[in-house]
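Each chain, letter by letter, is given below.
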Amino acid sequence: MTDRPRPLRILGIDTSCDDTGVGIVELTPDGRVTVLANRVWSQAVHAQYGGVMPELASREHVERIDQIMEGALHEAGLSVTDIGAVAATSGPGLVGALLVGLMYGKGLAQALNVPFHAAHHLEGHIFAAASEADLRAPFLALVVSGGHTHLFDVPRDGEYVLVGATRDDAAGEAFDKVARLAGLGYPGGPAISEAATRGDPNAVPFKEPLKGQSGFDFSFSGLKTAALLAYRAGATPENLAASFQRAAVQTLVNTTVRAAQATGRRTVVVSGGVAANRALRDAFAATGLHVVFPGKGLNTDNGAMIALAGAAAIQAGRPASALDGGATAYAPLANA
Ligand code: KG4
Ligand code: ZN
């Protein structure tokens, strides 16, 4: 008599920056994945400094990770012995912060005697969208977060070709900086999108950055300076927010659509914190491409996206990671 194939529960951990994230996904033998739990502790301690303090981030991860894992197991209705594989982010990110989740994940996998998968943070952001659709190459992936604005072509599963990236600020960073200069608060993305609902997107005629380029890069620092000048010239925070958002969305969507035309890809994954933006989602939906966004709560940093990346690695037959691998601050995803 053979064992009936059972669902595999994968626990994912992300401690790459200032969010302690633990998530659990279920991978069924027919290849379907379901998010069972997603718990995130967002560290408030950094707000008083106006930026993330790496040493404080590491300490908070140490203090919170047990509680966040217990919360995730409770949310999934599981006990720790139901976990069949563990995935944790090994990079890129703040090394001290990464080490907390990475060591925790390795220790857990060893104690449970289950496979461990080291995950790339950006692959996690991309596979966050696997909560909504069966993600099979080929597709394009736009990762837009506080630290990244990267456009990848994924011609085959597990193969990433960087086709464009920001030349200066990341998209989320630009939202944060414009929100700050207009006194709209932190984090800037949600503040800008909320204020934009009360503003006129045509009030400030921002130019689309790098318009006319033949490549697929992005640039946000000129837009940020133009926003500062417009604010000093008397634009209201609401009009500034709406106009900046229009220009930022336009450059992200237009460049991605051109890349889709150039590569012939029909499916585009849009993920990372900025993918939560309503105007961006609406503009992408109007392109006619098959656009996949992460499910609710999976845009910004979280552990479920790392569990989803782990599930993809397992499905692709990638071997488990060695337990002596370290954390890396800089780790390019593109392998071409
Ligand atoms: O992915 P994430 O949590 O962290 C990084 O890996 O960087 O992204 C955080 C970024 C912040 O810059 C935040 O302002 C932005 O995502 N963000 C948004 C929205 N929600 C979060 N940007 C635009 N619109 C939003 N609704
Ligand atoms: Zn991230």
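On a predicted model such as this, the values are computed, not experimentally measured, just so you know.

## Points about the overall build of the protein
Here is step 1 of the chain: When its secondary structure is counted, the protein shows nine helices and ten strands.
Here is step 2 of the chain: Taking 20 Å as the expected radius of gyration for a compact globule of 336 residues, we find that the protein reaches 20 Å, a close match to that expectation.
Here is step 3 of the chain: Considering only C-alpha atoms, the protein reaches an extent of 75 × 45 × 30 Å along its principal axes.
Here is step 4 of the chain: A burial count over the protein gives 50% of its 336 residues as buried.
Here is step 5 of the chain: The long-range share in the protein, meaning contacts at least 24 apart out of those at least 6 apart in sequence, stands at 70%.
Here is step 6 of the chain: For the protein, the exposed area adds up to about 14,900 Å²; of that, 52% sits on carbon and sulfur atoms.
Here is step 7 of the chain: When the 26 basic and 31 acidic side-chain charges of the protein are each reduced to a single mean position, those positions are 6 Å apart.

## Quick look at the sheet that holds strand β9 (residues 267–271)
Here is step 1 of the chain: Across the sheet, which stays open at both edges, the five strands sit in the order β8-β7-β6-β9-β10 with mixed pairing between neighbours. Among the strands making up the open sheet, the edge pair consists of β8 (161–165) and β10 (290–292). In this sheet, adjacent strand axes meet at a mean angle of 20° when their direction is disregarded.
Here is step 2 of the chain: Pairing between strand β7 (residues 149–154) and β8: four bridges, direction antiparallel. For phenylalanine 152, the partnering residue across the bridge sits in β8 and is leucine 162.

## A closer look at the packing of aromatic side chains
Here is step 1 of the chain: Inspection of the entire model under this criterion finds three aromatic pairs.
Here is step 2 of the chain: Consider the rings of phenylalanine 152 and tyrosine 160, whose centres lie 6.1 Å apart with planes at 80°: the pair is edge-to-face. In this pair, the class of phenylalanine 152 matches that of tyrosine 160, namely buried.
Here is step 3 of the chain: Here phenylalanine 175 and phenylalanine 244 contribute two aromatic rings whose centre-to-centre distance is 5.0 Å and whose plane-to-plane angle is 75°, an arrangement assigned as edge-to-face. Here the residue phenylalanine 175 occupies a position in helix α4 (residues 171–181), and phenylalanine 244 occupies one in helix α7 (residues 237–263), the gap between them amounting to 69 residues.
Here is step 4 of the chain: A residue is classified by how much of its surface remains accessible, and phenylalanine 175, at 4% relative accessible area, is buried.

## So, the coordination of the zinc ion (ligand 2)
Each angle at a metal carrying four tetrahedral donors should ideally be 109.5 degrees, and each at a metal carrying six octahedral donors should ideally be 90 or 180 degrees.
Here is step 1 of the chain: Binding of the zinc ion (ligand 2) to the protein goes through His121 (NE2), His125 (NE2) and Asp301 (OD), at separations of 2.0 to 2.1 Å.
Here is step 2 of the chain: The site at the zinc ion (ligand 2) holds four donor atoms, and with the angles between them running 93 to 135°, its shape is irregular.
Here is step 3 of the chain: Between consecutive donor residues of the zinc ion (ligand 2), the sequence gaps follow H-x3-H-x175-D. Here histidine 125 and histidine 121 lie together in helix α3 (residues 121–127), a separation of four residues that amounts to about one turn. In terms of burial, histidine 121 and histidine 125 fall into one category: buried.

## A closer look at the site of ligand 1
Here is step 1 of the chain: Neighbouring residues of ligand 1: 19 residues in total, closest Gly146, Asp176, Gly189, Asn277 and Asp301.
Here is step 2 of the chain: In this structure, an oxygen atom belonging to ligand 1 sits 2.7 Å away from a side-chain N or O atom of aspartate 176.
Here is step 3 of the chain: The protein chains hide 86% of the 560 Å² of surface that ligand 1 would expose on its own.
Here is step 4 of the chain: Secondary structure elements with two or more residues in the shell around ligand 1: α3, α4 and α5 (188–196).
Here is step 5 of the chain: Among the elements that take part in the shell around ligand 1, α5 stands out by supplying four residues, more than any other.
Here is step 6 of the chain: A class-by-class count of the residues in the shell around ligand 1 yields four nonpolar, 13 polar and two charged.

What counts as what
Residues numbered from 1 in each chain as written. Chains lettered and ligands numbered in written order. Predicted model: local features only at pLDDT ≥ 70, side-chain atom pairs only at ≥ 80, totals over all residues. Heavy atoms only, no water. Helix = DSSP H or I, 4+ residues; strand = E, 2+ residues; numbered from the N terminus. Rg over C-alpha atoms; globule rule 2.2 N^0.38 Å. Buried < 20%, exposed > 50% of the residue type's maximum accessible area, 1.4 Å probe, protein only. Contact = heavy atoms within 4.5 Å. Areas by Shrake-Rupley, 256 points an atom, 1.4 Å probe, with all protein chains shown as cover. Lys, Arg positive; Asp, Glu negative; His and termini not counted. Charge placed at Lys NZ, Arg CZ, Asp CG, Glu CD. Pairing = 2+ DSSP bridges. Axes fitted to C-alpha atoms, helices over the stretch in contact; angles between N-to-C directions. Phe/Tyr/Trp six-rings, centres within 6.5 Å; stacked < 30°, edge-to-face > 60°. Donors = N, O, S within 2.8 Å, 3.2 Å for Na, K, Ca; no water. Tetrahedral: all angles 85-135°; square planar, octahedral: opposite > 155°, others 65-115°. Near = heavy atom within 4 Å. Polar contact = N/O pair within 3.5 Å; in protein donor to acceptor, adjacent residues only side chain to side chain. Nonpolar A, V, L, I, M, F, W, Y, C, P; charged D, E, K, R; others polar.

As far as function goes, none of this settles anything; it's purely spatial.
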